[in-house]
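Structural overview for review
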Amino acid sequence: MKTVVLIHRKENLKKCSIWPLHTRPDFEFHFFPYEMPPLHPSRFIRLGMGGPPLRPADRTKDLLILDATWRLVQKMEDACSEIPIRSIGTYRTAYPRVSDQNTDPSQGLATIEALYCAHLELGLPTDGLLKHYHWGAEFLRLNGLEER
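This write-up is about the structure you can find in this document. (Residues numbered from 1 in each chain as written. Predicted model: local features only at pLDDT ≥ 70, side-chain atom pairs only at ≥ 80, totals over all residues. Heavy atoms only, no water.)

Quick word on the pairing of strand β1 (residues 3-8)
Most of β1 is tucked away: six of the six residues are buried. Taking every second residue as pointing to the same face, both faces of β1 are buried, with T3, V5 and I7 on one and V4, L6 and H8 on the other. The sheet contact formed by β1 and strand β2 (residues 27-32) spans six bridges and is parallel. Within β2, the residue paired with V4 across the bridge is E28. Pairing between β1 and strand β4 (residues 62-67): five bridges, direction parallel. Looking across to β4, one finds that I7 is bridged to D67. (Buried < 20%, exposed > 50% of the residue type's maximum accessible area, 1.4 Å probe, protein only. Helix = DSSP H or I, 4+ residues; strand = E, 2+ residues; numbered from the N terminus. Pairing = 2+ DSSP bridges.)

Structure representation (structure tokens):
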């Protein structure tokens, strides 16, 4: 399984929780809307809210992650609407929220947190995913998890 990350062009890479993984060979990064990778619904699942839970059969597909502020992500979701959505269970974020527009959903996670949980639920390795995430240890503590 490969993870394809589509980052909104307005995302600040200095604050982007998933950007430190861009050098890993099991990840592929593209910038929306300039670099849309070929997305085939039969080849991908998209991590998102409101879809059915991840299931073991999903390990045969590549994982699409959209990375943007909650305010900007809707355009990205529209552009990727043919990719089936899968969701993760309920987890608590450690990311300190500062939204002056109240656009963050209460169950929303930082992108790296959601990715970690997806890997965990799919039985994929999580080693190194939180290595550069400042709130990684707190995220694991809040959710009773251990990095493996």
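Overview of the pattern of salt bridges
Going through the model one piece at a time under the given rule, you end up with five salt bridges. Between D62 and R43 there is a salt bridge whose closest N-O contact spans 3.0 Å. Taken as a pair, D62 in strand β4 and R43 in the loop between β2 and β3 (44-47) lie far apart in primary sequence, 19 residues in all. Assessed through its relative accessible area of 13%, D62 is described here as buried. By relative accessible area, R43 is classed as partly exposed at 32%. Residues R86 and D58 are paired through a salt bridge, measuring 3.2 Å at the closest nitrogen-oxygen approach. Placement of the pair is R86 in strand β5 (residues 85-86) and D58 in the loop between β3 and β4, with a sequence separation of 28 residues. (Salt bridge = Lys/Arg side-chain N within 4 Å of Asp/Glu carboxyl O.)

A closer look at the side chain of R86
R86 sits in the buried class, given a relative accessible area of 9%. With sequence-adjacent residues up to four places away left out, R86 is seen in contact with I45, R46, L47, G48, P52, P53, L54, R55 and D58. (Contact = heavy atoms within 4.5 Å.)

What to know about a positive patch on the surface
Together, R9, K10, R71 and K75 line one region of the surface with positive charge. Here K10 shows up in the loop between β1 and β2. On the accessibility criterion, K10 (52% relative accessible area) is exposed. (Patch = residues over 30% accessible without salt bridge, like charges linked within 9 Å, V, L, I, M, F, W, Y side chains within 5 Å. Areas by Shrake-Rupley, 256 points an atom, 1.4 Å probe, with all protein chains shown as cover. Lys, Arg positive; Asp, Glu negative; His and termini not counted. Charge placed at Lys NZ, Arg CZ, Asp CG, Glu CD.)

Brief notes about the state of the cysteines
As enumerated under the stated definition, the model contains zero disulfides in all. Looking at C80, it has no disulfide partner, and the nearest cysteine sulfur is the one in C16, 16 Å off. Residue C80 is classed as buried on the basis of its relative accessible area, which comes to 0%. (Disulfide = S-S within 2.5 Å.)

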